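# Notes for the structure review
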Amino acid sequence: MNDRAANHPHPRVYLETYGCQMNVADSQTVSAVLRRAGYVSADGIEDADVILLNTCAIREHAEERVLGRLGDLARIKHARPEVKIGLLGCMAQHNRVAIMEKAAFLDVVAGPDSYRRLPEMIGRAGYNYDPSIDVRLDRAETYADITPDYGGGVRAYVTAMRGCDKFCAFCVVPYVRGRERSIPPSDLMREIGELAARGVKEVVLLGQTVNAYRFADTGFGALLKMVASIGGIERIRFTSPHPSDMSESVIEAMATEPKVQPHLHLPLQSGSDRILAAMERGYTVADYLGLVARVRAAIPAIALSTDIIVGFHGEQESDFEATTAVMRAVGYDSAFMFKYSVREHTRAFRLGDSVSEEEKGRRLSALIALQEEMSMARNRAMVGREFPVLVEGPARRGGGMMAGKTPQFKTAIFAADEGIRAGDTVAGVQRVRAGDTVNVRVDSATGHSLMCSLTARSRRL
């Protein structure tokens, strides 16, 4: 046994997470699995006995970041051969052969359905100098019996379902995360109840197409109402829904249950019917706009955000112009916009890439400029209005400012008290702290945040 192991009886693991919020939630599950097996968290990568990267394969850029990081880890492995290094998640599932060719030093390669077996895999890694690899998809695996290691804060992300059955032409998710399966409501209620007991005020239900949730007779609208019955939980959100699964029961739950917040992330992907059909999205522009109209009629205060891909195979200038027209028609509060990247194993892979990187960049820049303009206008329209804000903690800009989210998931920044810096101790003053809900008035706005001041009725609404 080396000196490092002798001084630390419990093996120490360092876990880095890349990609979407689903990966963050998965990393919390991995942490719980390893903690059960006797592992403890390392303070830093230099102290770790095991180094794990939880990866994303949705876009080429995400994989490039991980490959760059593997170069760093190769140097660590050379200096400390006893350290075990593993690649987890979607990238491991998607390109395991290519990855092992580029990073032959890896000891563990595990897909999203293999985390339960990680202690065993790490234990046998390096036996006969062979890596431990398990990338089998398992339609029964939901990790429903494992309570993730919650990372702290007023908001927690809870996986409600795993996998996807949509098979959009551009998307690798069904191939790396498997088919849809929903977590039993009883397990979700238990987990969220435990989070509430720990002081969590807001939960975000996660799924690749979360509104497709169904377990026995319980659909997603019913699940929202069930979660709302849990004491201590003040706010409920979910991401990401699919337009085709946005049922009237979900809209009704959002409209009638006060805890379900008036913010909806509704991926568009393209404003061209021709491109939507090529993407195999399952709806038309008219379907989408009709859904937006129904949602806004039921929930007038709702904020809408979206995902858009530019440069999908065959996208012409007229298709791009149709997308900008839909963006203007909807008037999104915010948007995530990306250049299309060809992903191996997807249905669109064989089509290749018909739009140059230069043209994709031009179109993306134009969309970003348009969205910045719309975000600014929508935020400025809120000046003078009051909103309840769930306080998350000190603002990143410092200066005694606090930050939190409005019901519409807009960032509100405000001074804890006029003339008093956040964190000060002042006789007779009840401090604003994380977890409080305060009432603020919007004084000014940028495209990304609201500058606010506390109102007279701002304490613990």
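Summarised in this report is the structure supplied together with it.

The rules we used
Residues numbered from 1 in each chain as written. Predicted model: local features only at pLDDT ≥ 70, side-chain atom pairs only at ≥ 80, totals over all residues. Heavy atoms only, no water. Salt bridge = Lys/Arg side-chain N within 4 Å of Asp/Glu carboxyl O. Helix = DSSP H or I, 4+ residues; strand = E, 2+ residues; numbered from the N terminus. Buried < 20%, exposed > 50% of the residue type's maximum accessible area, 1.4 Å probe, protein only. Pairing = 2+ DSSP bridges. Axes fitted to C-alpha atoms, helices over the stretch in contact; angles between N-to-C directions.

### Here we look at the pattern of salt bridges
Going through the model one piece at a time under the given rule, you end up with 39 salt bridges. The salt bridge partner of aspartate 319 is arginine 274, with a shortest N-O separation of 2.5 Å. Of this pair, aspartate 319 sits in helix H13 (residues 317-330) while arginine 274 sits in helix H11 (residues 273-279); the two residues are 45 residues apart in sequence, bridging distant segments of the chain. With its nearest N and O atoms 2.6 Å apart, the salt bridge here joins arginine 362 to glutamate 359. You can see arginine 362 and its partner glutamate 359 sitting in helix H14 (residues 357-380), three residues apart, about one turn around the helix. Taking the relative accessible area as the measure of exposure, arginine 362 reaches 39% and is therefore partly exposed.

### Considerations on unusual backbone geometry
In this structure, the amide linkage connecting threonine 239 to the following residue, serine 240, adopts the cis form with an omega of -10°. Summarising the element assignment, serine 240 is placed in the loop between strand E13 (235-239) and helix H10 (248-256). The phi torsion at tyrosine 143 lies on the positive side, around 60°, for a residue other than glycine. Looking at the secondary structure, you find tyrosine 143 in the loop between strand E6 (132-134) and strand E7 (155-159). For alanine 216, which is not glycine, the phi dihedral falls at a positive 55°. The residue alanine 216 is located in the loop between strand E11 (214-215) and strand E12 (218-219) in this model.

### Some details on the sheet that holds strand E20 (residues 437-445)
Pairing within the closed barrel is mixed, and its five strands lie in the order E17-E18-E19-E21-E20. Within the sheet, the average angular offset between the axes of one strand and its neighbour, ignoring direction, is 55°.

Any functional reading would require information beyond the geometric quantities listed.
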